[in-house]
Amino acid sequence: MTDAAIRKEFDLFFCEKLAKSFGGLRAVDGFDLELRAGEIVGLIGPNGAGKTTVFNLITGLERTDSGQAYFERRYITGLPAHRIAHLGIARTFQNIRLLGQLSVLDNVKVAYHCHARYGLVAAALRLPSFRRAERDIARKSMAFLEFLGLEGEAGKPAGSLPYGRRRRLELARALATEAKLLLLDEPAAGLNETETAELTAVIRRIRSELGVTVLLIEHDMKMVMGLCDRLVVLNFGRTIARGTPAEVGADPEVIEAYLGRPKEECVKQADGAETAEPAPPKQPLRPRRLDERR
Amino acid sequence: MSLHEFLPLLCQAGIFAILAMSLNLISGLTGLLQLGQAGFFAAGAYAAGLLAIYGTVPALGPANLILGAVLAAAVAALFSVVIGLPCLRLTGDYLAIATLGFAEILRLLLNRLELPGGAMFPNERIGGPTGISFTESPGRLWPAHPDYNAEYTSWWLVWLAVAGVYLLLRNLKFSRQGRAWMCIREDEIAARSMGVDVPRAKLSAFVVSAALAGAAGALFFHHKLRICPNDFMLMTSILILLMVVLGGMGSFSGSILAATVLWFLPQLLRHIHPKLGEYQQLIYAVLLIVLIRLWPGGLFGAGELPHWLGRLSGRRRVNA
């Protein structure tokens, strides 16, 4: 297939051969990804596999060493992060990055930076264009808070929210950029079973009601298997498998990446199973991490 | 304290209130530690002073002051662009040192600056360590009162400017731009991902801040009519920073209150006992340490006074 044909089919997002090294470490090596509008795709892999680096490359927080990325058939490689955000790619962070001192509502309003079209002078003098735009922003921000069930807490400082709600708020803020592609970095990290189930439902609604395509990094295999249409598995910066959750779950290389080689004695003992073929992972393959420090 | 002593102090307190608010924009709201505010203050004061000496048009009357303030703001803004483009790549302490360096370099250059006296002082040279002076402010809106000395040009004009600057900055704070600045203070990476052009937003905060400090410089010249480079020492920058910290980082109304309190404090102490006035610097230093240690939020935290009033009267800021 030619480049153009690929881009036509995967008309939302397309990247190939993205690579990034930190010193001698190849964090990401030849990463390819195509996204169709309306998909939910999971990016999984053991710790240090380069998943977050992939997000940083896509969103422009870090410059890619080589390769290219297209968003809606527009060449976005090397654009600064804020330009990519303007084009419609939003993200959340593994360690939540909210503005703790600002109110919940103001946190969402920040996301409208892309869309509010009034200048410094209009703001300083409170011209009608400013008032109109601000009313609009407040209304839309409240709508996103309601979408995530946070409307009752609009006036509270964001730092005072409990952990699970902070995750939701970050999601609301990412959505409020009116992005077409949403990158979620471990959205279920630190959540309990109930909260994870709620989050899964929210992500489904994000797709069905808002029409937003989702790419997520997640370690909770139960959630990933149930939610994602397709999975991409990374290990040491390389893509080792891609396909539907069932295909990926049965892939020997994936199992090896997560559990180690079957012939190693310790793995069998730890598993408590002497069967020749390890079962596809159903449970989280490692303890979920609590919120990591920045 | 007689009116004769009080009005000049009130005037200076207002000028420092503007300076404190301008620094609050960059250090309190945007979170960039800036120790060179005296530099922009000096640039504005000298710009207004030189305009007054070389270019006063008597027919314009008070408009000369407005012209001076506009020119001062423009010159300070120009300086801030030149300084800001390279320096704003720095963060934290490094930016503080770089801006401090700028202010000191400018002060030392002004020490060496000597200019012909122009039409006003045809046989003299002006500038240098003695600075520049002017006989009568063209900004005076009414004839000097015989009992008062020439110094306090329309204190109410200064406080009108304070109110104007306050409204302007408060409006900015609750706008798209203000949210972007606060976002940079809290988390730069989040700001970038939300679509904020961080270098540009920093530069805009820096330039607006410097322009306001420059305008304050114009008021300062027209108030004192005699300025010299030593008016703009590092201590001036520190004093402005102390006002910002005392008032609350990010609270413009807090800056006004803190500037007034801190400007009158030494005078009050001098009234209690003449010796106490000598310990002004010591008191400032101790105050800064105690504040940062025990009361980092300052008087008003990050909020604004009218916010409180709004809450008292039951009006909610959270819109429908």
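Quick note: structure is the one above.
Note that the structure is a prediction, hence the values are computed from the model and not measured. (Residues numbered from 1 in each chain as written. Chains lettered and ligands numbered in written order. Predicted model: local features only at pLDDT ≥ 70, side-chain atom pairs only at ≥ 80, totals over all residues. Heavy atoms only, no water.)

What about the interface of chain B and chain A?
- Taken together, the 29 residues of chain B in the interface contact 39 residues of chain A.
- In total, chain B and chain A occlude about 2900 Å² of area from one another, counting both sides; carbon and sulfur atoms represent 61% of this.
- Taken as a group, Arg176, Arg179 and Met194 of chain B account for 28% of the area that chain B buries against chain A, more than any other trio of residues on that side.
- Taken together, the links from chain B to chain A amount to 2 salt bridges.
- A salt bridge links Glu134 of chain A to Arg179 of chain B; the shortest N-O distance between them is 3.1 Å.
- Linking chain B to chain A there are 10 residue pairs in polar contact (both at pLDDT 80 or more).
- For the side of chain B that touches chain A, the elements supplying multiple residues, two or more each, are α5 (155-173), α6 (176-186), α7 (188-193) and α8 (198-224) of chain B. (Contact = heavy atoms within 4.5 Å. Buried area = accessible area lost by both parts, 1.4 Å probe. Salt bridge = Lys/Arg side-chain N within 4 Å of Asp/Glu carboxyl O. Polar contact = N/O pair within 3.5 Å; in protein donor to acceptor, adjacent residues only side chain to side chain. Helix = DSSP H or I, 4+ residues; strand = E, 2+ residues; numbered from the N terminus.)

Some details on the environment of Ile84 of chain A
Residues and elements named next belong to chain A.
- Looking at the secondary structure, you find Ile84 in helix α3 (residues 81-87).
- Distance from Ile84 to Gly60, taken between C-alpha atoms, is 6.8 Å for residues 24 residues apart in sequence.
- With residues up to four places along the chain from it excluded, the contact list for Ile84 reads Ile58, Thr59, Gly60, Ile76, Leu79 and Ile89.

Some details on the environment of Ile184 of chain B
Residues and elements named next belong to chain B.
- You can see Ile184 is positioned in helix α6.
- What makes Ile184 buried here is its relative accessible area of 5%.
- Once the C-alpha coordinates of Ile184 and Leu32 are considered, the two residues, 152 residues apart in sequence, prove to be 9.2 Å apart. (Buried < 20%, exposed > 50% of the residue type's maximum accessible area, 1.4 Å probe, protein only.)

Overview of the pairing of strand β8 (residues 213-217) of chain A
Residue and element names in this part refer to chain A.
- Counting buried residues along β8, 5 of its 5 residues qualify, which places the element largely inside the surrounding structure.
- Alternating positions in β8 separate into two faces, Thr213, Leu215 and Ile217 on one and Val214 and Leu216 on the other, with burial throughout.
- The pairing of strand β3 (residues 40-44) with β8 spans 4 bridges and is classified as parallel. Bridge assignment links Ile40 to a residue of β8, and that residue is Val214. (Pairing = 2+ DSSP bridges.)

Quick notes on the sheet that holds strand β1 (residues 13-22) of chain A
Residue and element names in this part refer to chain A.
- Judged by pairing direction, the sheet is antiparallel, and its 4 strands sit side by side in the order β2-β1-β4-β5 without closing on themselves. At either margin of the open sheet sits one strand with a lone partner, and together these are β2 (25-35) and β5 (74-75).
- In terms of strand pairing, β1 meets β2 through 7 bridges, oriented antiparallel. Counted as the bridge partner of Ser21 is Arg26 from β2.
- Helix α2 (residues 51-59) contacts β1 and β2 of the sheet and is inclined by roughly 115 degrees relative to β1. (Axes fitted to C-alpha atoms, helices over the stretch in contact; angles between N-to-C directions.)

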